[in-house]
There are 2 protein chains.
Amino acid sequence: MAYKAKIHITLKEGVLDPQGKAISNVLGSLGFDGISEMRQGKYIEFSLDEKDHLSAKNKADAICKKLLANTVIENYHIKIEE
Amino acid sequence: MAYKAKIHITLKEGVLDPQGKAISNVLGSLGFDGISEMRQGKYIEFSLDEKDHLSAKNKADAICKKLLANTVIENYHIKIEE
């Protein structure tokens, strides 16, 4: 069965986010104020063919651990949809 | 009032996604099969101080159009939370 995995990868709290900081700075100079806690992460979507929801989730989890996320500094969150 | 904006930026359909393609290729060589339609996008979170939900949404929309998304090749989706 075909499932769709939607994965968010974000930096752990306390890890410096230079991209987010850069965006914040530019927004300030563009005149957007009142913006704070800017964080940039990754969003990855893919389809996978598995027999059930649980095995789709397990496979997505293995893929995150092995390739997509650097678990030392990043958190990931997986959502599986049919 | 403080709102949290959660923004997904994804490539429009039909736009080539070389990062997604690279991930797919590596997954294949790592032995993960049955994976398709891999797409990589961006996920951006920030806090903003606005008087109500609508003005928070409008401000986030202006920020996406002006800075975060390249609307020629990317779609963006904004979610505002309190």
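Here the structure is a predicted model, which means the values were calculated and not measured.

Draft legend 1. The overall build of chain A, seen in detail. The secondary structure content of chain A amounts to 2 helices and 3 strands. Tracing chain A from N to C terminus, the helices and strands come up as β-α-β-α-β. Here the C-alpha atoms of chain A give a radius of gyration of 16 Å, more than 25% beyond the 12 Å that 2.2 N^0.38 yields for 82 residues. Along the longest, intermediate and shortest principal axes, the C-alpha atoms of chain A span 50 × 25 × 15 Å. The contacts in chain A between residues at least 6 apart in sequence include a share of 72% that link residues at least 24 apart. By element, 53% of the accessible surface of chain A is carried by carbon and sulfur atoms, the whole surface being about 4,600 Å². Of the side chains in chain A, 12 bear a positive and 12 a negative charge, and the two mean positions are spaced by 5 Å.

Draft legend 2. Molecular detail of the sheet that holds strand 1 (residues 2-11) of chain B. Taken in spatial order, the 6 strands line up as 3(A)-1(A)-2(A)-2(B)-1(B)-3(B) in an open sheet, and their pairing is antiparallel. Of all the strands in the sheet, just strand 3 (74-81) of chain A together with strand 3 (74-81) of chain B have a single pairing partner and so form its edges. The mean inter-strand angle of the sheet, taken between neighbouring strand axes irrespective of direction, is 20 degrees. Sheet topology note: the strand 1 of chain B/strand 2 (residues 35-49) of chain B ladder contains 8 bridges and is antiparallel. Note on strand 2 of chain B: the bridge partner recorded for H8 of chain B is Y43 of chain B.

Draft legend 3. Broad picture of the pattern of salt bridges. Throughout the structure, instances matching the rule amount to 14 salt bridges over all chains. Note that K6 of chain B and E81 of chain B form a salt bridge whose closest N and O atoms lie 3.4 Å from each other. With K6 of chain B in strand 1 and E81 of chain B in strand 3, this pair connects stretches of sequence that are 75 residues apart. Via salt bridges that share partners, K4 and E45 of chain A together with E37 of chain B belong to a single interconnected network.

Procedures and definitions
- Residues numbered from 1 in each chain as written.
- Chains lettered and ligands numbered in written order.
- Predicted model: local features only at pLDDT ≥ 70, side-chain atom pairs only at ≥ 80, totals over all residues.
- Heavy atoms only, no water.
- Helix = DSSP H or I, 4+ residues; strand = E, 2+ residues; numbered from the N terminus.
- Rg over C-alpha atoms; globule rule 2.2 N^0.38 Å.
- Contact = heavy atoms within 4.5 Å.
- Areas by Shrake-Rupley, 256 points an atom, 1.4 Å probe, with all protein chains shown as cover.
- Lys, Arg positive; Asp, Glu negative; His and termini not counted.
- Charge placed at Lys NZ, Arg CZ, Asp CG, Glu CD.
- Pairing = 2+ DSSP bridges.
- Axes fitted to C-alpha atoms, helices over the stretch in contact; angles between N-to-C directions.
- Salt bridge = Lys/Arg side-chain N within 4 Å of Asp/Glu carboxyl O.

Note that every value here comes from positions in space, so none of it alone points to a role or purpose.
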